[in-house]
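Secondary and tertiary structure notes
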Amino acid sequence: MDSKPGRKTHLKKYLSHNGKWQFFPVVNVNGRPKPELVVIDGKPRRGTGGTFYLDWREDGKRRTRPVGTSPREALDAWQLHSGILSGEIEPPEEEAPAASTSTTIRAAVESYLAEVKATKGDATWRAYSADLAWFQKVSKKHYVDQLGRSDAMKLFAAGRDENLNQKTINKRVIVMLQAMRRAGATIQLHKGDWPRTIDKRVEIYEREELTRFFKACNPEERLIFQVFLCSGFRSREVSCLTWEDVDWKAGTLSVRPKPEFGFTPKSYEERTVPIPSALLESLRARWKKHQNSTLIFPTPPHPKRKNYGGDKPDAHLLELGKEIAYRAELNCKRCKTQQGKCSDGPYCQKFYLHKWRHTFATQMLQSGIDIKTLQTLLGHKNIATTEKYLKSLRLDDLRHKVEASTLAAML
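Residues numbered from 1 in each chain as written. Predicted model: local features only at pLDDT ≥ 70, side-chain atom pairs only at ≥ 80, totals over all residues. Heavy atoms only, no water.

Another aspect to go through is the overall build of the protein chain. In terms of regular secondary structure, the protein chain is built from 15 helices and eleven strands. Over its C-alpha trace the protein chain gives a radius of gyration of 28 Å, far above what one expects of a compact globule, namely 22 Å for 411 residues. The C-alpha extent of the protein chain, read off along each of the three principal axes, is 90 × 60 × 40 Å. Relative to its full complement of 411 residues, the protein chain shows a buried share of 43%. Of all intrachain contacts in the protein chain linking residues separated by at least 6 positions in sequence, the fraction that spans at least 24 positions is 57%. In the structure as shown, the protein chain presents an accessible area of about 24300 Å², 51% of it carried by carbon and sulfur atoms. Of note, the protein chain has its 71 positive side-chain charges centred 2 Å away from the centre of its 48 negative side-chain charges. (Helix = DSSP H or I, 4+ residues; strand = E, 2+ residues; numbered from the N terminus. Rg over C-alpha atoms; globule rule 2.2 N^0.38 Å. Buried < 20%, exposed > 50% of the residue type's maximum accessible area, 1.4 Å probe, protein only. Contact = heavy atoms within 4.5 Å. Areas by Shrake-Rupley, 256 points an atom, 1.4 Å probe, with all protein chains shown as cover. Lys, Arg positive; Asp, Glu negative; His and termini not counted. Charge placed at Lys NZ, Arg CZ, Asp CG, Glu CD.)

Now the structure itself:
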């Protein structure tokens, strides 16, 4: 197909009107089609049902091609074909599927994410959105029917080129496969295609780090991170805690849905965790001063932004934790982020909120809590997820045995 200026692609729709199937032009605004509107009897109308077609001239002949039934698919196809005709876009290596059932990758992603948003939590939706945005950036194809095993292998290679963790790469490929297979793609991987991953030892905050960290906190900061440490709660579970989640008599904190804050527990499982009496008393002292607030830790007011803060979940607890670690001179001073070097500010990757959860789980096992009870406290759906903490416990136990061994006595 040669690329000549002036050649245009038109969009039309084949649908039934007054009992007769016929083509109708799609409304154009400033040279760009609006697929949701078609011109019927000289007036723009919303056309329901039917199939969109591209219409253009090539080699002196008029050509048409079906491009799906949704406005999103139709607009994607028009943009791609117009770009190819003008020479702005290289033609795809594989010819686009000609069947009317062909689906664009962008439309398939949007459809899949809509299902995720309806059935999963916000955190899952955000993570899947990022994974599929990366997939679309790496992939140069436009239609679901074009995808195959080579595209999955391309993602594995791209992830390694970007120095991503292998588990992260594998997860992104899994999300891509779920979304594209749901849209009709036939992608069959061979045995051995999946790169192996290394199970890292669970990272926890050591006692000396915790001592220095809490010493650098003010009273409110200390209470926030004591809740993280003694409950094993995830970030949103802490930020969405309300006073109703505290059982003063039983000495527990609960994780429950908070529709008013758009919060749903992971795996839709509510749970209750007992906390030390000292932490309960600290919460009681805070309640006496802040009982008019729904949340235990609402977003603090901003000195310059009048509408900032109020009775809303604090979304900046990660930044707060890094700030305290920097204040306590706990940064590793080796890592570098988009914000800068961790030696120069609160950017250290060594400090993250899920590490408090790891510390809680490890300490509970070391205190004699059995694995099934820990699974309940953490809200894990699968006990295999909880068992990763046993490895750290066994390594610690082995280290003590090595130190007490006759081999160590020879040194």
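It is worth spelling out helix α9 (residues 277–290) at this point. With 14 residues, α9 extends 20 Å from end C-alpha to end C-alpha; this agrees with the ideal 20 Å at 1.5 Å per step. Residues Leu-279, Leu-280, Leu-283 and Arg-286 constitute the buried set of α9. With its buried residues spanning 120° around the axis, α9 presents them on a single face. Along α9, the residues that are exposed and aim more than 90 degrees away from the buried face are Ser-277, Ala-278, Lys-288 and Lys-289. If you follow the buried residues of α9, they end up packed against α7 (219–231), β7 (246–247), β8 (252–255) and β10 (298–299). (Expected span 1.5 Å × (residues − 1). Arc of directions from axis to C-beta.)

Before going further, it helps to examine the nonpolar core. With 53 residues, the main nonpolar core has Phe-213, Phe-225, Leu-283 and Trp-356 as its most contacted residues. Every element with two or more residues in this core is listed here: α6 (207–215), α7, β8, α9, α10 (317–327), α11 (354–366), α12 (371–378) and α14 (388–403). For this core, the element with the most residues is α7, which contributes six residues. In contact with Phe-213, other than residues within four places in its own chain, are Phe-225, Gly-321, Ile-324, Ala-325, Ala-328, Leu-330 and Trp-356. By size, the runner-up hydrophobic cluster in this structure holds 27 residues, among which are Val-144, Ala-152, Ala-185 and Ile-187. (Core = buried A, V, L, I, M, F, W, Y, C linked by side-chain atoms within 4.5 Å.)

Moving on, we come to the packing of α7 against α9. Put simply, α7 and α9 touch, their axes get as near as 11 Å, and they point 140° apart. With respect to α9, the element α7 is oriented oblique. Remark: the crossing between α7 and α9 carries left-handed chirality. Every residue of α9 that contacts α7 at Glu-220, Leu-223, Gln-226, Val-227 and Cys-230 is listed here: Leu-279, Ser-282, Leu-283 and Arg-286. For the contact of α7 with α9, a count of residues per class yields five nonpolar, two polar and two charged. (Axes fitted to C-alpha atoms, helices over the stretch in contact; angles between N-to-C directions. Parallel < 35°, antiparallel > 145°, perpendicular 65-115°, else oblique. Left-handed = near helix turned anticlockwise from the far one by under 90°. Nonpolar A, V, L, I, M, F, W, Y, C, P; charged D, E, K, R; others polar.)

This part takes up the environment of Thr-119. Take Thr-119: it is sitting in helix α2 (residues 105–119). Taking relative accessible area as the criterion, Thr-119 reaches 47% and is therefore assigned partly exposed.

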